[in-house]
Amino acid sequence: MKLLDGRHTSEEIRKELSEAVLQRKKEGKKIPHLAAILVGNDGGSLTYVGAKVKACDQIGFESTLIRYDDSVPEDILLAKVQSLNEDKSIDGFIVQLPLPAHIDELKITQAIDPKKDVDGFHPVNLGNMVLNLPGFLPATPAGIVELLKRNHIETEGKKCVIIGRSNIVGTPLSILLARNSNPGNCTVTLAHSKTENLKEICQQADILIAAIGRPGFVTADMVKEGAVVIDVGTTRVEDPSRARGWRLKGDVDFDEVSKKASHITPVPGGVGPMTIASLMINTLKAMELKGK
Ligand code: NAP
């Protein structure tokens with residue numbers, strides 16, 4: 001079994017991005033600037049946004065974190081999105097999801113200028129992805145594709161089963177892996193909670209991807225010998241042995257599945273760092289697309 005080490009692979013990408021920043025500095029060009037809006041104090045969101053800001057610092061990007069209380073009215077948030085759309089110093093920005101229940105996430109996502117939508121969630125960017133036109137790819141699916149590519153995982157002609165059909169992971173990933181490209185050219189099955197015979201379907205997968213949010217859901221009996229297994233899940237589970245009282249657990253029973261898989265991602269340290277790396281790639285791209 002070989003570990004698909006997202007930390008290591010994302011480090012390679014960060015180095016490349018740092019070099020691009022240094023080159024831009026030498027040429028007197030603008031440095032990419034990412035802004036992030038964070039609403040509330042959800043522990044997971046704080047961690048994810050913190051990691052994104054830290055990645056900007058490491059690479060040499062500028063970053064701005066904008067925080068609101070979780071009682072912020074929707075119109076205030078929409079006005080902030082509008083001001084970031086118009087702010088020439090900001091190349092790309094994200095609104096960290098999930099948002100409190102009184103705010104319409106779709107409305108906020110649709111208010112973001114697609115040219116600054118470095119999370120790739122705007123319908124224009126999702127449409128461009130489907131048609132294979134230039135735009136921003138959603139960070140987690142793009143990160144997984146990059147992880148497969150940089151670790152020389154053959155995808156052409158392979159049977160790929162993705163469990164989970166969310167708009168931010170499973171559905172866009174199914175499109176990217178079915179594309180006529182490399183990585184791509186997979187025969188993709190997109191499974192979800194209504195899928196019948198899920199175990200038998202998973203057993204046929206050369207590449208099995210779990211994006212469900214149910215710790216340990218994928219057990220060894222669901223996995224073909226030699227399969228490539230990608231675990232997107234990140235759920236906080238209680239862990240009294242840790243000072244903070246919890247740890248992250250993936251959707252795959254790592255200990256058992258790793259005995260059968262040819263390659264497998266750990267949680268943490270697999271897909272998560274690749275998601276952040278993709279966001280950084282998109283931020284550089286946002287600036288380059290503007291011709292700056
Ligand atoms: P989500 O919106 O929570 O949706 C979960 C999906 O799993 C749904 O499509 C659901 O099916 C499916 N599902 C639930 N129970 C199932 C079952 N018993 N059998 C088969 N399918 C089942 O998903 P998400 O936002 O993509 O998040 C999934 C996980 O990935 C979470 O743990 C999240 O924290 C993690 N995540 C990690 C990263 C990262 O960078 N590492 C990024 C994004 C998300 P239905 O559609 O039928 O309800």
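Q: Any chance you could explain the sheet that holds strand S2 (residues 33-39) here in plain terms?
A: The strands making up a sheet are joined through hydrogen bonds of the backbone, oriented either antiparallel or parallel. Sheet architecture is open: three strands sit in the order S3-S2-S4, paired in parallel fashion. Two strands in the sheet have a free side with no partner beyond their single neighbour: strand S3 (62-68) and strand S4 (92-95). Along the sheet, successive strands turn relative to each other by an average axial angle of 15 degrees, direction set aside. Where S2 lies against S4, four bridges are found, and the strand directions are parallel. Residue pairing for S4: Ala-35 is matched across the bridge by Phe-93. Across the sheet, helix H3 (residues 74-86) touches S2, S3 and S4, and the angle it forms with S2 is around 180 degrees.

Q: I tried to follow empty space enclosed by the protein on my own but got confused; where do I start?
A: Over the atoms rolls a probe the size of a water molecule, and in doing so it shows where empty space is left. Inspection of every chain in the model, using the stated rule, returns one cavity of 30 Å³ or more. Taken as a whole, the largest cavity holds about 60 Å³ of empty space. Lining the largest cavity are Ile-94, Val-95, Leu-97, Ile-108, Thr-109, Ile-112, Asp-117, Asp-119 and Phe-121. Considered class by class, the residues forming the lining of the largest cavity number six nonpolar, one polar and two charged.

Q: Explain helix H10 (residues 271-289) to me, please; I cannot follow it from the model alone.
A: When the terminal C-alpha atoms of H10 are compared, their 26 Å separation across 19 residues agrees well with the 27 Å that a helix rising 1.5 Å per residue should span. The element H10 is largely enclosed, with a buried count of 14 among its 19 residues.

So, how was this worked out
Residues numbered from 1 in each chain as written. Predicted model: local features only at pLDDT ≥ 70, side-chain atom pairs only at ≥ 80, totals over all residues. Heavy atoms only, no water. Pairing = 2+ DSSP bridges. Helix = DSSP H or I, 4+ residues; strand = E, 2+ residues; numbered from the N terminus. Axes fitted to C-alpha atoms, helices over the stretch in contact; angles between N-to-C directions. Contact = heavy atoms within 4.5 Å. 1 Å grid on protein atoms, 1.4 Å probe; cavity = no way out; pocket = protein on both sides within 12 Å on 5 of 7 lines; lining within 4 Å. Points joined across faces, edges and corners; volume = space filled by probe spheres on them. Nonpolar A, V, L, I, M, F, W, Y, C, P; charged D, E, K, R; others polar. Expected span 1.5 Å × (residues − 1). Buried < 20%, exposed > 50% of the residue type's maximum accessible area, 1.4 Å probe, protein only.

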